[in-house]
Amino acid sequence: MKRIGLFGGTFDPIHYGHLRLAEEAREFAQLDRVLFVPAARSPFRLEEPLTEAEHRLAMVRLAIASNSAFAVSEMEIQRGGISYTIETVEALQGEYSDAELFLILGADSLQGFPQWYQAERLAQKVTLLAGVRPPYDEKSVWQALPDWVRQRTLLVPMTPLAISASAIRQKVRAGHSIRYLTPDDVIEYIRENHLYTEPR
Ligand code: ATP
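Definitions and limits used
- Residues numbered from 1 in each chain as written.
- Predicted model: local features only at pLDDT ≥ 70, side-chain atom pairs only at ≥ 80, totals over all residues.
- Heavy atoms only, no water.
- Buried < 20%, exposed > 50% of the residue type's maximum accessible area, 1.4 Å probe, protein only.
- Helix = DSSP H or I, 4+ residues; strand = E, 2+ residues; numbered from the N terminus.
- Arc of directions from axis to C-beta.
- Contact = heavy atoms within 4.5 Å.
- 1 Å grid on protein atoms, 1.4 Å probe; cavity = no way out; pocket = protein on both sides within 12 Å on 5 of 7 lines; lining within 4 Å.
- Points joined across faces, edges and corners; volume = space filled by probe spheres on them.
- Nonpolar A, V, L, I, M, F, W, Y, C, P; charged D, E, K, R; others polar.
- Salt bridge = Lys/Arg side-chain N within 4 Å of Asp/Glu carboxyl O.
- Axes fitted to C-alpha atoms, helices over the stretch in contact; angles between N-to-C directions.
- Parallel < 35°, antiparallel > 145°, perpendicular 65-115°, else oblique.
- Left-handed = near helix turned anticlockwise from the far one by under 90°.
- Phe/Tyr/Trp six-rings, centres within 6.5 Å; stacked < 30°, edge-to-face > 60°.
- Pairing = 2+ DSSP bridges.
- Near = heavy atom within 4 Å.
- Polar contact = N/O pair within 3.5 Å; in protein donor to acceptor, adjacent residues only side chain to side chain.
- Areas by Shrake-Rupley, 256 points an atom, 1.4 Å probe, with all protein chains shown as cover.
- Sits in = over half its atoms within 2 Å of the grid points.

Asker: Provide a residue-level description of helix α10 (residues 184-192), including the pertinent values.
Answerer: Three or more residues of α10 are buried, namely Val 186, Ile 187, Tyr 189 and Ile 190. For α10, the buried positions fall inside an angular range of 160° around the axis, keeping them on one side. Of the residues in α10, the exposed ones pointing more than 90 degrees away from the buried face are Arg 191 and Glu 192. Each element contacted by the buried residues of α10 is listed here: α2 (53-64) and α9 (165-173). His 194 sits one or two residues past α10 and shows a positive phi near 50°.

Asker: Can you explain the layout of surface pockets? Please cite residues and give values.
Answerer: Once rolled over the atoms, a probe with the size of a water molecule shows which space is left empty. Considered as a void within the structure, the largest pocket measures approximately 1000 Å³ in volume. Taken together, 42 residues line the largest pocket, and the ones lying closest to its centre are Gly 8, Gly 9, Arg 45, Asp 108 and Ser 109. Among the elements of the structure, β1 (2-9), α1 (16-28), α4 (85-95), β4 (99-106), α5 (107-112) and α9 are those that each provide at least two residues to the lining of the largest pocket. Taken together, the residues of the lining of the largest pocket break down into 21 nonpolar, 15 polar and six charged.

Asker: Quick one: what's the story with the pattern of salt bridges, residue by residue and with numbers?
Answerer: Here the structure, examined in full by the defined rule, presents nine salt bridges. Notably, a salt bridge pairs Arg 3 with Glu 100, separated by 3.5 Å at the nearest N-O pair. Residue Arg 3 is found in strand β1, and its partner Glu 100 is found in strand β4; the two are separated by 97 residues along the sequence. Classification of Arg 3 as partly exposed rests on a relative accessible area of 25%. Here Arg 79 and Glu 87 are joined by a salt bridge, their closest N and O atoms 3.3 Å apart. Relative accessible area serves as the criterion here: at 33%, Arg 79 is assigned to the partly exposed category. Three or more residues are tied together by salt bridges with common partners; here these are Glu 90, Arg 121 and Lys 125.

Asker: Describe in detail the packing of α2 against α10, supporting the description with residues and values.
Answerer: One way to put it is that α2 packs onto α10 with a least axis distance of 8 Å and a crossing angle of 155°. When the axes of α2 and α10 are compared, the pair comes out roughly antiparallel. Note that α2 runs across α10; the crossing there is right-handed. Touching Glu 54, His 55, Ala 58, Met 59, Leu 62 and Ala 63 of α2 are Asp 185, Val 186, Tyr 189 and Ile 190, all from α10. Residues belonging to the contact of α2 with α10 are distributed by class as follows: seven nonpolar, one polar and two charged.

Asker: Go over the packing of aromatic side chains, please, and point to the residues and values.
Answerer: Considering all chains together, one arrives at seven aromatic pairs under this definition. Measuring from centroid to centroid gives 5.0 Å for Phe 113 and Trp 116, while their planes differ by 50°, and the two rings are tilted. With respect to class, Phe 113 is no different from Trp 116; both count as buried. An aromatic cluster is built from Phe 7, Phe 11, Phe 36 and Phe 70, whose rings are joined through pairwise contacts.

Asker: An account of the pairing of strand β5 (residues 127-131) is requested, with residue identities and associated values reported.
Answerer: Burial of β5 is extensive: five of the five residues sit out of reach of the surface. Covered by surrounding structure in β5 are Thr 127, Leu 129 and Gly 131 together with Leu 128 and Ala 130, the residues of both alternating faces. Across five bridges, β4 lies against β5 in parallel orientation. Across the sheet, residue Gly 106 finds its bridge partner in β5, namely Gly 131.

Asker: Would you mind going over the site of the ligand in detail, with residue names and values included?
Answerer: In the region of the ligand, 22 residues are neighbours, and Arg 45, Asp 108, Arg 133, Leu 161 and Ser 166 sit closest. Between the ligand and Leu 161 there is a distance of 2.7 Å, counted from a nitrogen atom to a backbone nitrogen or oxygen. One nitrogen or oxygen atom from the side chain of Ser 166 is found 2.7 Å from an oxygen atom belonging to the ligand. Here the ligand, which alone exposes 600 Å², has 93% of that area covered by the protein. At a threshold of 2 Å from the grid points, most atoms of the ligand map onto the largest pocket. Of all the secondary-structure elements, those providing two or more residues to the shell around the ligand are β1, α1, β4, α5 and α9.

So, in structure tokens, the structure goes:
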């Protein structure tokens, strides 16, 4: 039985926080594959400006190119509209009928998980793999979770990295370096396509 990790996000842009979480989750849960799934639009960010899907997708491709266990899925982008993970999981269950599915997420997302669309149904279909994310305190996030989430969650012991896409966007806009926060190819792509230079 294949073990597949689904890793959703806006990836605007992808950065080393995402990549380390994916890598440490892969190793911890012995995943055969991590599938990065950029969202068309997160239900929690309906009003926020968002970089075109093609750019976000291209940056994910560049960032994961050297890792043969990592792949990208355009599923949510092609589906369009608001991206609900339950729909993605059900589509993946159809596609990989013999696979065990895991959902990779950071502590901030884990904290909000009970509010996700059809969260209880989703939690029956996947095992959650959650990584630390400063400044979120994993212990207090864990204690606040309902039992039905805890029973379906494994905490991934990962290197804490306080990197966020929003901080990267702010740095680019301010003309500051983003070196060592995301791979060089992503930085080059951001520069060539003049991303994140305008105020949002
Ligand atoms: P933004 O700063 O715009 O909110 P972000 O950096 O949080 O973006 P997302 O694409 O929203 O990036 O995150 C996708 C997933 O990756 C979420 O589950 C989030 O918790 C997780 N994640 C993002 N950054 C980190 C990090 N530094 N450490 C651990 N998990 C992270």
